[in-house]
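Remarks on the overall topology
Here is what each chain is made of, one letter per residue.
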Amino acid sequence: MAYNLLKGKRGIIFGALDENSIAWQVALKAKEEGAKFVLSNSPIALRKKDIFELAKTTESQVIAADVTEVSELEDLFEESMKILGGQIDFVLHSVGMSPNVRKNIPYPELDYDYLMKTLDVSAISLHKVLSVAKKMDAISEWGSVVTLSYIASQRVFSSYSDMSQAKAMLESIVRQFGYHYGISKKVRINAVSQSPTKTTAGTGVSGFNAFYNYADAMSPLGNADASSCSDVCVFLFSDLSRMITMQTIYNDGGFSMMGISNKLIQQYIDCGCGE
Ligand SMILES: NC(=O)c1ccc[n+]([C@@H]2O[C@H](COP(=O)([O-])OP(=O)(O)OC[C@H]3O[C@@H](n4cnc5c(N)ncnc54)[C@H](O)[C@@H]3O)[C@@H](O)[C@H]2O)c1
């Protein structure tokens, strides 16, 4: 059911790779709620071509930009404002990548060049997007920027590796830039901390299925899927959330408040590990 929550709003959505991507679901929901937007992804990701299907469905245009390249972000904002006919009201930053995770490098032996790449793509890129937008005055007053995080920013998830540092930095940028952009233009910046979700980035983490099932058994509501995440993002883009900024909001079925659940205790007993 649609409520026209984003009627007349203009956006940029980063990170829709294929139909499993969280950004893909956000784009569908934003369209349903009346928004018009530009889709963006890295030049390499565009070679996969799926995004053009989404563009067709949502009547949007696709602009290539590597989020680590400031000049490409400048071009993206300029072009998007031309296409959409004015300042941008919302931005989804749904981007993450770790070469250390991809190559399964053990955490104590991190490759530091890869670590820099992880931080640049997965965290500093949010700063770059915000900094470019602020300099160009590309986001309207009371505009809303949302990024995606994971609870490994706060706690140890053994196989999440250097993405934990990236998410900690990302949430810190949300708070600190949220102050500066809030003061100057009332632009809001928030993170949604999402349950494990079966996407290309998610399943790249080693042991992902165990990770996913564990979180599902721990959370009183079960894991939150990409569609529920898109609901939260749309709420955060909308005027209904106009006084919410600098927050990390958990869309995780209650996982972050749990210690242990009866379901997990029972599974432990059933496998003979409870003696
Ligand atoms: N899937 C999960 O379990 C989960 C849980 C919590 C948070 N998240 C976060 O959600 C966000 C979206 O990931 P997803 O799970 O939808 O996976 P995904 O693989 O579909 O999306 C990641 C996106 O990042 C893009 N990207 C990577 N490098 C880029 C670059 N240099 N420039 C521009 N784009 C680039 C990819 O092309 C891809 O579209 C990520 O920040 C991820 O960490 C995912």
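What you see is a predicted model; the values in this text were computed from it and never measured.

1. What about the nonpolar core?
Counting residues in hydrophobic clusters, the biggest one holds 65 residues, and the most contacted among them are Ile13, Ala16, Ala23, Ala27 and Cys233. If we skip the residues at most four places from it in the chain, Ala16 touches Ser21, Ala23, Trp24, Ala27, Leu39, Asn41, Ile51 and Leu54.

2. A few points about helix 10 (residues 226-237)
For helix 10, which comprises 12 residues, the first-to-last C-alpha distance of 16 Å matches the rise-based estimate of 16 Å (1.5 Å per residue) to within 8%. All of the buried residues along helix 10 are Ala226, Cys229, Ser230, Val232, Cys233, Val234, Leu236 and Phe237. Of the surrounding secondary structure, the elements contacted by the buried residues of helix 10 are strand 1 (10-14), helix 1 (22-32), strand 4 (88-93), strand 5 (139-149), strand 6 (188-194) and strand 7 (248-251).

3. Side note on the sheet that holds strand 3 (residues 61-64)
Sheet architecture is open: 7 strands sit in the order 3-2-1-4-5-6-7, paired in parallel fashion. Each of the sheet's edge strands pairs with one partner strand only, and the pair in question is strand 3 and strand 7. Each adjacent strand pair in this sheet contributes to an overall mean axis angle of 20 degrees, direction not counted. In this structure, strand 2 (residues 36-41) lies alongside strand 3, joined through 4 bridges in parallel fashion. Note on strand 3: the bridge partner recorded for Asn41 is Ala64. Helix 1 contacts strand 1, strand 2, strand 4, strand 5 and strand 6 of the sheet and is inclined by roughly 160 degrees relative to strand 1.

4. Quick look at the site of the ligand
Around the ligand sit 27 residues, and of these Ser21, Gly96, Thr199, Ala201 and Gly202 come closest. It is helix 8 (residues 200-203) that contributes the most residues to the shell around the ligand, 3 residues altogether. Its residues placed into classes, the shell around the ligand shows 13 nonpolar, 13 polar and 1 charged.

5. Focus on the environment of Gln267
On the secondary structure map, Gln267 appears in helix 11 (residues 262-270). C-alpha of Gln267 to C-alpha of Ala217: the two residues are 50 residues apart in sequence and 9.1 Å apart in space.

6. Some thoughts on the environment of Glu141
Its place among the elements puts Glu141 in strand 5. Excluding anything up to four places from it in sequence, Glu141 contacts Lys185 and Lys186.

7. Considerations on the environment of Glu69
With respect to the helices and strands, the residue Glu69 is situated in the loop between strand 3 and helix 4 (70-84). A count of 15 C-beta atoms within 10 Å places Glu69 in the partly exposed class. Taking the C-alpha atoms as reference points, Glu69 and Asp120, separated by 51 residues in sequence, lie 9.8 Å from one another.

8. Some points on the packing of helix 6 (residues 112-136) against helix 7 (residues 163-185)
In contact at an axis separation of 7 Å, helix 6 and helix 7 are set at 15 degrees when each is read in the N-to-C sense. In this view, helix 6 runs roughly parallel relative to helix 7, as classed from their interaxial angle. Considering only the axes of helix 6 and helix 7, their crossing is right-handed. In contact with Thr118, Leu119, Ser122, Ala123, Leu126, His127, Leu130 and Lys134 of helix 6, helix 7 contributes Met163, Gln165, Ala166, Met169, Leu170, Ile173, Phe177 and Tyr181. Along the lines of polarity and charge, the residues of the contact of helix 6 with helix 7 split into 11 nonpolar, 4 polar and 1 charged.

Conventions we followed
- Residues numbered from 1 in each chain as written.
- Predicted model: local features only at pLDDT ≥ 70, side-chain atom pairs only at ≥ 80, totals over all residues.
- Core = buried A, V, L, I, M, F, W, Y, C linked by C-beta atoms within 7 Å.
- Buried ≥ 20, exposed ≤ 12 C-beta atoms within 10 Å, placed from the backbone.
- Contact = placed C-beta atoms within 7 Å.
- Helix = DSSP H or I, 4+ residues; strand = E, 2+ residues; numbered from the N terminus.
- Expected span 1.5 Å × (residues − 1).
- Pairing = 2+ DSSP bridges.
- Axes fitted to C-alpha atoms, helices over the stretch in contact; angles between N-to-C directions.
- Near = placed C-beta within 6 Å.
- Nonpolar A, V, L, I, M, F, W, Y, C, P; charged D, E, K, R; others polar.
- Parallel < 35°, antiparallel > 145°, perpendicular 65-115°, else oblique.
- Left-handed = near helix turned anticlockwise from the far one by under 90°.

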